[in-house]
Amino acid sequence: MSRKPVIALVATGGTIAGRADSATDTTAYTAGTLGANELVAAVPGLGDIAELRAETLFRVDSKDMTPGHWLTLARRVAELAEQADVDGVVVTHGTDTLEESAFFLHLTLTTDKPVVFTAAMRPASALSADGPMNLYGAVRVAASPAFRGLGTLVVMNDRVYSARHVAKQHTRAVDAFGATDGEPLGWASPPTLARRPARTEHGDVPLAGLDTANWPPAVEILYVGAGSSPALLAACRQLGAAGAILALPGNGSMPASWMGEIEAAIAAGFPLVRASRVPAGAVSPHDGLPGLLCADGLSPVKARVALMLSLAQADPAVFVRIAG
Ligand code: SIN
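This section reports on the structure supplied with the text. (Residues numbered from 1 in each chain as written. Predicted model: local features only at pLDDT ≥ 70, side-chain atom pairs only at ≥ 80, totals over all residues. Heavy atoms only, no water.)

**What to know about the environment of His 286**
Looking at the secondary structure, you find His 286 in the loop between strand E13 (272–276) and strand E14 (293–294). Polar side-chain contacts of His 286 include one of 3.2 Å to the backbone nitrogen of Gly 288. (Helix = DSSP H or I, 4+ residues; strand = E, 2+ residues; numbered from the N terminus. Polar contact = N/O pair within 3.5 Å; in protein donor to acceptor, adjacent residues only side chain to side chain.)

**Side note on unusual backbone geometry**
Negative phi characterises most residues that are not glycine, and trans characterises most peptide bonds. Omega for the peptide link from Ser 189 to Pro 190 comes to -10°, which places this bond in the cis form. Within the secondary structure, Pro 190 sits in the loop between strand E9 (186–187) and strand E10 (192–193). Following Trp 215, the chain continues into Pro 216 via a peptide bond in cis, with omega recorded as 0°. Despite not being glycine, Ser 128 has its phi angle at roughly 55°, a positive value. When you line up the elements, Ser 128 lands in the loop between strand E4 (115–118) and helix H5 (131–142). One non-glycine residue, Asp 296, lies in positive phi territory at about 55°. Checked against the element boundaries, Asp 296 lands in the loop between E14 and helix H8 (300–312).

**A word on the packing of aromatic side chains**
Scanning the model with the defined rule gives two aromatic pairs in all. Seen from their ring centres, Trp 70 and Phe 104 are 5.5 Å apart, and the 35° between their planes marks the pair as tilted. With Trp 70 in helix H3 (residues 67–82) and Phe 104 in helix H4 (residues 98–108), this pair connects stretches of sequence that are 34 residues apart. Residue Phe 104 is classed as buried on the basis of its relative accessible area, which comes to 0%. Aromatic pair Phe 104 and Trp 215: ring centres 5.6 Å apart, planes at 50°, arrangement tilted. Taken together, the positions of Phe 104 in helix H4 and Trp 215 in the loop between E10 and strand E11 (219–223) put the pair 111 residues apart, joining distant regions of the chain. (Phe/Tyr/Trp six-rings, centres within 6.5 Å; stacked < 30°, edge-to-face > 60°. Buried < 20%, exposed > 50% of the residue type's maximum accessible area, 1.4 Å probe, protein only.)

**Overview of the site of the ligand**
The environment of the ligand is formed by Gly 14, Thr 15, Asp 61, Ser 62, Gly 94, Thr 95, Asp 96 and Ala 120. At 2.9 Å, a side-chain N or O of Thr 15 approaches an oxygen atom of the ligand. A distance of 2.5 Å separates an oxygen atom of the ligand from a polar atom in the side chain of Thr 95. For the ligand, the accessible surface in isolation is 250 Å², of which the surrounding protein chains cover 95%. For the shell around the ligand, a count of residues per class yields one nonpolar, five polar and two charged. (Near = heavy atom within 4 Å. Areas by Shrake-Rupley, 256 points an atom, 1.4 Å probe, with all protein chains shown as cover. Nonpolar A, V, L, I, M, F, W, Y, C, P; charged D, E, K, R; others polar.)

What follows is the structure in structure tokens.
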């Protein structure tokens, strides 16, 4: 490419845009304070590697992101990616629910241009803030032809992850993110694709065909501890949930005390997914209960995104296709 790559940057808030009163304060700060142009201005040399088109879409702390925000963000990123002279899109986001937003875009965007999320664990005002280097790396990856066609990606701490497998794995460490299927896909400095993901399909539920009339379907996650009450599942159905994810121990192991409620839910046609509380590895299928969906390698939060999309399309096969 002889011209400088054009990268669209969409800021949504988070700690990367956060500010505290003192440079040594890394916990008491307000997320989502800075806008997109201020994030760009804080990264020396960014203008040398790409022409940036920056905009601020939201200024939210990502704990307050909703499926409505996912939809608005996906629509805006799709518009930007459709522009012929845009080579890639970077989204800045809070770390807390980044994996859900990124997976929603991974499943709904069909572009082959790199869409790269990044974030920070330390606010922009902190000593040794990690946001500027993460943003620099994300722009380099978004501009790199090696990362085309892989769906939505995440750059954190110089590593590149697929949105399908990335997870926040530490509450406070700067190196907070990892991949549930092992190693990262590659590196941001310089942009290097070390391995291709086992599954490169993305855009399973294209945005253009997504039925948003009843968006979002109410899908809840039930975290099952030793001795947890199965009445949680009954209550979830009584409260009108459209479906639920069971975050179960081990390999999606269902406690004996829960079997009655699980069987009753399936018999009533209630969409229910067996997922695992364990942070890595896949859940094996369970032949005994046809109708009970299996999260396979999806974490409970990602299985929830997949089930919401599946329910929006009124088609359980969508979930099976995404998880499989
Ligand atoms: C947020 O998720 O918006 C706040 C926390 C963070 O970005 O690390």
